[in-house]
Amino acid sequence: MTYTDHQARPTLAREDDEEMGLVVAVRARDLRAFEQLYRRYQPRLARFVGTLVRSPALVEEVVNDTLMVLWQKAGDFTGASRLSTWLFAIAYRKAVRARNRHAAPSESDAVLAELPGDAAADAPLSQDRTRQALQRAMAGLSADHRAVVDLTYFHEIGYREIAEILGCPVDTVKTRMFHARRHLRRAMAGELADWI
Amino acid sequence: MGELLHLRGDPHEATMLLLPWYVTGAIEPGDRLLVDAHLAGCEECRGELAAERRLHAAVAGLPAPSVTGWDRMVADLAQPDETPRLPNRFLRRAGWMLAAQAAVLVLGVGVVLHLQRQASSPVAPEPYHALGSPQQAPAGNILVMFAPDTREPALRKAIEASGARLVDGPTAAGAYLLAIAPNERAAALARLRAEAGVTLAQPVDPAP
């Protein structure tokens, strides 16, 4: 008996083969191949980097710097890992450096202040309100916990690959996710009891 | 969601930790079997699974920041620096598409020759093996976990004494998958459960 939503991911292997072909073309300075990879990864990397740094300008800078590495150093990608793992790991390191460079101690508070607060509690329960509550709950997580949640639930990346991206042990990924889930559900439970 | 006390050796806690990846499907085959086996007998974890599915859907539905970067990237590519790039004049003249075409024309002969050299190279490149290739579920029919302090000789002895063959593990959750003839499985399970360090010995029949 199985309770799993997705049984197999055969399309991943096809994507990997296709991406390797594009990387080989990028090594040969094929700008169109690069643009294909850019357009495929830029939104995903932007979302991921957005969990680590807040300023849209900084997100764009980190994402473009990351994809510039693909253009300039495609030869460094050997296929030992998936291209997504390689790019996300580069983006993570660049985002951490950017975050340290532009350290804003109360960044999380600033984001919380931008999100609708209790005043929205009188509004009818809606998808928007759920989303806002979740965004507030996510903003209450540390950047590393937020990154694990996003890599797991949005990008649907496995724990071993996430450990590779973040440069930490697999058990750390699982415990970070465990504590993040607990935080999110506690934060959501008061407002949206029927949701959790 | 319960408190987390240990990381290994307890299928309930292992399942609690693995549920997010069980929900998305990005879970290793041995760990999926472990979770399947535990969920069948744990109502609490089945409740957790339902909540995790809602959380997954909600997080996946959060809007992403809107970023437009290709134009800036093309501009960056046009900037001279120490690394070799496409000639600036092409990029500046007619946008990326024309630039790409022009670059291909200019570089075409060299690239083709280069690729031909690669293709005819006597040294065959390593075959590309995608890590995302679909993993075949190992053909085991017993899932076993050991207490965290179990030493390797005791672990090996327990597996050997069971008569079963180790086919996979340890998984990320610390479980092992064993294989044995179906008519001998019940006896092997009994032998495993009698071993001091064994915290779980569970028959598994993975879906075909």
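Residues numbered from 1 in each chain as written. Chains lettered and ligands numbered in written order. Predicted model: local features only at pLDDT ≥ 70, side-chain atom pairs only at ≥ 80, totals over all residues.

**Concerning the overall build of chain A**
Working step 1: What chain A contains, in helices and strands, is 9 helices and 0 strands.
Working step 2: The order of helices and strands in chain A, counted from the N terminus, is α-α-α-α-α-α-α-α-α.
Working step 3: In chain A, buried positions account for 39% of the 196 residues.
Working step 4: Counted over contacts in chain A with a minimum sequence separation of 6, partners at least 24 positions apart contribute 65%. (Helix = DSSP H or I, 4+ residues; strand = E, 2+ residues; numbered from the N terminus. Buried ≥ 20, exposed ≤ 12 C-beta atoms within 10 Å, placed from the backbone. Contact = placed C-beta atoms within 7 Å.)

**Focus: the overall build of chain B**
Working step 1: Scanning chain B from terminus to terminus reveals 7 helices and 4 strands.
Working step 2: Going from the N terminus to the C terminus, chain B shows its helices and strands as α-α-α-α-α-β-α-β-β-α-β.
Working step 3: When the 208 residues of chain B are sorted by exposure, 35% land in the buried category.

**A short note on the sheet that holds strand β4 (residues 198-203) of chain B**
In a beta sheet, neighbouring strands pair by backbone hydrogen bonds and run either parallel or antiparallel.
Residues and elements named next belong to chain B.
Working step 1: The strand order across the open sheet built from 4 strands is β2-β3-β1-β4, with neighbouring strands paired in antiparallel fashion. Of all strands in the sheet, those with a lone pairing partner are β2 (165-168) and β4, marking the two edges. Between one strand axis and the next, the sheet turns through 35 degrees on average, direction left out of account. (Pairing = 2+ DSSP bridges. Axes fitted to C-alpha atoms, helices over the stretch in contact; angles between N-to-C directions.)

**Quick word on the nonpolar core**
Working step 1: If you look at the biggest cluster of nonpolar residues, it comprises 92 residues, and the most contacted ones within it are Val49(A), Ala91(A) and Val144(B).
Working step 2: The dominant element in this core, judged by the number of residues it contributes, is helix α2 (residues 31-50) of chain A, at 10 residues.
Working step 3: Leaving out residues up to four positions away in the same chain, Val49(A) has contacts with Val59(A), Val62(A), Val63(A), Ala91(A) and Ala95(A). (Core = buried A, V, L, I, M, F, W, Y, C linked by C-beta atoms within 7 Å.)

**Comments concerning unusual backbone geometry**
All names here are of chain A.
Working step 1: The phi torsion at Arg 29 lies on the positive side, around 65 degrees, for a residue other than glycine.
Working step 2: Topologically, Arg 29 is positioned in the loop between α1 (10-27) and α2.
Working step 3: For Arg 29, a count of 20 C-beta atoms within 10 Å translates into the label buried.
Working step 4: The phi torsion at Glu 156 lies on the positive side, around 55 degrees, for a residue other than glycine.
Working step 5: Mapping Glu 156 onto the fold places it in the loop between α7 (143-153) and α8 (159-166).

**Remarks on helix α6 (residues 152-162) of chain B**
Residues and elements named next belong to chain B.
Working step 1: Among the residues of α6, Ala 158, Ile 159 and Ser 162 are the ones counted as buried. Burial along α6 is one-sided: seen end-on, the buried residues are contained in an arc of 95 degrees. Facing away from the buried side of α6 by over 90 degrees, the exposed positions are Pro 153, Arg 156 and Glu 160.
Working step 2: Buried residues along α6 sit in contact with β2, β3 (175-179), α7 (185-194) and β4.
Working step 3: Gly 163 lies just past α6 and shows a positive phi near 85 degrees. (Arc of directions from axis to C-beta.)

**A word on the confidence of the model for chain A**
Working step 1: Residues at a pLDDT of 70 or more form 79% of chain A, whose mean pLDDT is 84.
Working step 2: Here residues 105-123 of chain A is modelled with pLDDT under 50, and outside its nearest four sequence neighbours on either side it reaches 14 contacts, counting other chains as well. (pLDDT = per-residue confidence, 0-100.)

**Section: the environment of Glu161(A)**
Residue and element names in this part refer to chain A.
Working step 1: Looking at the secondary structure, you find Glu 161 in helix α8.
Working step 2: Classification of Glu 161 as buried rests on a count of 22 C-beta atoms within 10 Å.
Working step 3: Glu 161 sits 73 residues away from Phe 88 along the chain, and the two C-alpha atoms are 9.7 Å apart.
Working step 4: Leaving out residues up to four positions away in the same chain, Glu 161 has contacts with Arg 82 and Thr 85.

**Side note on helix α1 (residues 11-24) of chain B**
All names here are of chain B.
Working step 1: For α1, built from 14 residues, the straight-helix expectation of 20 Å at 1.5 Å per residue is met to within 8% by its first-to-last C-alpha distance of 19 Å.
Working step 2: For α1, the principal kink sits at Leu 18 and spans about 55 degrees; a proline, Pro 20, occurs within the next four residues.
Working step 3: Of all the 14 residues making up α1, 12 are buried; the element is thus mostly covered by neighbouring parts of the structure.
Working step 4: Within α1, burial applies to Pro 11, Ala 14, Thr 15, Met 16, Leu 17, Leu 18, Leu 19, Pro 20, Trp 21, Tyr 22, Val 23 and Thr 24.
Working step 5: Two residues or fewer past α1, Gly 25 is found with a positive phi of approximately 90 degrees. (Expected span 1.5 Å × (residues − 1). Bend = angle between axes of the 7 residues up to and from the residue.)

**Focus on the packing of α1(B) against helix α3 (residues 43-60) of chain B**
Residue and element names in this part refer to chain B.
Working step 1: Orientation of α1 relative to α3, taken along the N-to-C sense of each, is 35 degrees, at an axis distance of 9 Å. Relative to α3, α1 is oriented so that their crossing is right-handed. Contact residues: His 12, Thr 15, Met 16, Leu 19, Pro 20, Val 23 and Thr 24 in α1; Cys 45, Glu 48, Leu 49, Glu 52, Arg 53 and His 56 in α3.
Working step 2: Class assignment for the residues of the contact of α1 with α3 results in 6 nonpolar, 4 polar and 3 charged. (Left-handed = near helix turned anticlockwise from the far one by under 90°. Nonpolar A, V, L, I, M, F, W, Y, C, P; charged D, E, K, R; others polar.)

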